[in-house]
Amino acid sequence: MPCERNIERIQELVDGTLGAIRRSELEQHLAQCAPCRALKEDLERIRGAAAALPALPPPDGAWLQIAGRLRQEGRIRETAPRPAAARSYAWLAIAATLVIAAGSSIVLLYRSSPVTAPAAVTAPAAAGNPNNAEAVEAVQNEVDSAQEQFEKAITKMDDLRKANMNALDPQTSEVIEKNLGILDRAINENRAAVKAEPASVAARETLFEALRQKVSLLQDTMSLINEMRKGNNAAAAQLVNKS
Amino acid sequence: MSTSKEADLALVARCREGDLGAFEELYRAHAGRLYSLAFRMLGNAADAEDLLQEIFLSAHRKLESFRGDAALGTWLYRLATNQILDYVRSRAGRAGQLTDGLDDASVLADAAGHRLADRAIDRIDLERALADLPEGCRVAFVLHDVEGLEHKEIADVLGIAEGTSKSQVHKARLRLRNLLGRP
């Protein structure tokens, strides 16, 4: 047992707040008293371990819940206008090319309304009507189908991108790969959340938002590749600055 | 090159416009630190997750008041700390234990209890022991030894005397030593 009268002084020594004279006295005591010395060493280690505690990863589903509640409260703009740079004719030409390459109606839907969720995504609100079970199931199937089409389109667009990435400098490629990686992680996380809560409209919407963002990034990447190939550095720089 | 203040203001402006991607960017940058703070101050994961959501929803509502006078991370940290403390106070109010730390007999018992000797302090064990501390001690310890606040700052945010903050932290350390030193 450490000396009772020294416990508080040892704490102050550990905190670095003990005055010089008392500190000197205590250090003389510590040299002779093993229990007090052990207490000082333990408290220093506890303080050090506490200060070194790392940040903990937040729970996987937390963001999904936050995004869902922001949507419910109407605080997210569903039709945010894209910056003017993305509305160039070059972008439209590339988008049209991508639509043809992807051969998917969901991309046409996306192109005509870039940040509006597919209609089927918001429809499960009908779940509140017990007499409408068949309609709910039909809507659910449509949502599943839309998601599948989205993902197929992304796969094809991504293949196209990979085949053309050599048009970009390594630094730009690295940034794009990094951003795609972030989006992939978000998509995987949201996909898991949808799997855990298949009936959650908020979960579906957040997954679709992530999918839309990936489509948007892939489209911008293809626009950039197109401008670089044409030697149009000004338009390319505009696209990079937009990102 | 833009400064961090300009970057903060640009991100906040996008969030204010209802850009969910921008708010997710803000969330990804700060959620870990704020979740850790909530988890350690509250002592359990379920409450911390609930509060994390409330903190970010509250932050979204209050973004209008962000002027860039402090860094965005600092502004969020203050907001989170206040919100966590409000929650702790309301919980302690119900249980009457925020300032009920450990009495002198407990302190002496802890001082006479187990010691660490050469045992390494495992992070998981430390997190678990933190959760076992009485609420008042845990909050003061987390703010001081984990988050690095001064006793005066802790006294201000908790509305207690500086000496009380010091006493709570010291009692927490002794209790942690006893808990971590158990065979």
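Predicted model only: the values in this text are computed from it and were never measured. (Residues numbered from 1 in each chain as written. Chains lettered and ligands numbered in written order. Predicted model: local features only at pLDDT ≥ 70, side-chain atom pairs only at ≥ 80, totals over all residues. Heavy atoms only, no water.)

So, the overall build of chain A
- Scanning chain A for helices and strands turns up 11 helices and 0 strands.
- Secondary structure of chain A in N-to-C order comes out as α-α-α-α-α-α-α-α-α-α-α.
- In chain A, the proportion of contacts linking residues at least 24 apart, taken out of those at least 6 apart, comes to 68%.
- Approximately 12,600 Å² of chain A is accessible, and the part contributed by carbon and sulfur atoms is 53%. (Helix = DSSP H or I, 4+ residues; strand = E, 2+ residues; numbered from the N terminus. Contact = heavy atoms within 4.5 Å. Areas by Shrake-Rupley, 256 points an atom, 1.4 Å probe, with all protein chains shown as cover.)

Digging into the overall build of chain B
- When its secondary structure is counted, chain B shows 9 helices and 0 strands.
- Start at the N end of chain B and walk to the C end: the helices and strands fall as α-α-α-α-α-α-α-α-α.
- Evaluated residue by residue, chain B yields a buried proportion of 51% over its 183 residues.
- Of all intrachain contacts in chain B linking residues separated by at least 6 positions in sequence, the fraction that spans at least 24 positions is 73%.
- When the accessible surface of chain B is split by element, carbon and sulfur atoms take 48% of a total near 8,100 Å². (Buried < 20%, exposed > 50% of the residue type's maximum accessible area, 1.4 Å probe, protein only.)

So, the packing of aromatic side chains
- Counted by the stated rule, this structure contains 6 aromatic pairs over all chains.
- A centroid spacing of 6.1 Å and a plane angle of 25° characterise the contact between Tyr 35 of chain B and Phe 39 of chain B, whose relative ring orientation is stacked. Here Tyr 35 of chain B pairs with Phe 39 of chain B, and both are found in helix 2 (residues 20–42), just 4 residues apart, close to one helical turn.
- Taken together, a centroid distance of 5.5 Å and an interplanar angle of 70° make the contact between Phe 66 of chain B and Trp 75 of chain B edge-to-face. Of the two residues, Phe 66 of chain B and Trp 75 of chain B, neither departs from the other in class, the shared state being buried.
- Among the aromatic side chains, those forming a connected cluster through ring pairs are Trp 63 of chain A together with Phe 23, Tyr 27 and Phe 56 of chain B. (Phe/Tyr/Trp six-rings, centres within 6.5 Å; stacked < 30°, edge-to-face > 60°.)

A short note on helix 5 (residues 104–111) of chain B
- Within helix 5 of chain B, burial applies to Ser 106, Val 107, Asp 110 and Ala 111 of chain B. Viewed end-on, helix 5 of chain B has its buried residues packed into an arc of 135°, placing them on one side of the element. Structural note: helix 5 of chain B exposes Asp 104 and Ala 105 of chain B on the side pointing more than 90 degrees away from its buried face.
- Of the surrounding elements, those touching the buried residues of helix 5 of chain B are helix 1 (7–15) of chain A together with helix 9 (162–180) of chain B. (Arc of directions from axis to C-beta.)

Examining the interface of chain B and chain A
- At the interface, 48 residues of chain B touch 44 residues of chain A.
- Here chain B and chain A share an interface that buries about 4,100 Å² over both sides, 63% of which is from carbon and sulfur atoms.
- When the buried area of chain B at its contact with chain A is split by residue, Leu 20, Leu 57 and Arg 173 of chain B rank highest and sum to 16% of it.
- Measuring nitrogen to oxygen at the nearest pair gives 2.7 Å for the salt bridge that ties Arg 69 of chain A to Glu 54 of chain B.
- Our enumeration of links across chain B and chain A arrives at 17 residue pairs in polar contact (both at pLDDT 80 or more). (Buried area = accessible area lost by both parts, 1.4 Å probe. Salt bridge = Lys/Arg side-chain N within 4 Å of Asp/Glu carboxyl O. Polar contact = N/O pair within 3.5 Å; in protein donor to acceptor, adjacent residues only side chain to side chain.)

Section: the nonpolar core
- Counting residues in each nonpolar core, the largest one holds 65 residues, and the members touching the most others are Phe 23, Phe 56, Ile 84, Phe 141 and Leu 176 of chain B.
- The greatest single-element share of this core, amounting to 12 residues, is contributed by helix 2 of chain B.
- If you look at the next biggest cluster of nonpolar residues, it comprises 24 residues, including Ile 176, Ile 187, Leu 218 and Ile 225 of chain A. (Core = buried A, V, L, I, M, F, W, Y, C linked by side-chain atoms within 4.5 Å.)

Side note on the environment of Leu 43 of chain A
- If you trace the backbone, Leu 43 of chain A turns up in helix 3 (residues 34–51).
- Separated by 33 residues in sequence, Leu 43 of chain A and Ile 10 of chain A place their C-alpha atoms 8.6 Å apart.
- Setting aside residues up to four positions removed in sequence, Leu 43 of chain A forms contacts with Ile 10, Gln 11 and Val 14 of chain A together with Arg 173 and Leu 174 of chain B.

Concerning the confidence of the model for chain B
- Per-residue confidence for chain B gives a mean pLDDT of 90, with 93% of residues at or over 70.
- The complex model carries a pTM of 0.60, and its ipTM stands at 0.88. (pLDDT = per-residue confidence, 0-100.)

Here we look at the pattern of salt bridges
Residues and elements named next belong to chain A.
- Counting across every chain of the model gives 23 salt bridges over all chains.
- One salt bridge connects Arg 75 with Glu 73, and the closest N-O pair in it is separated by 2.3 Å.
- Residue Glu 73 is classed as partly exposed on the basis of its relative accessible area, which comes to 38%.

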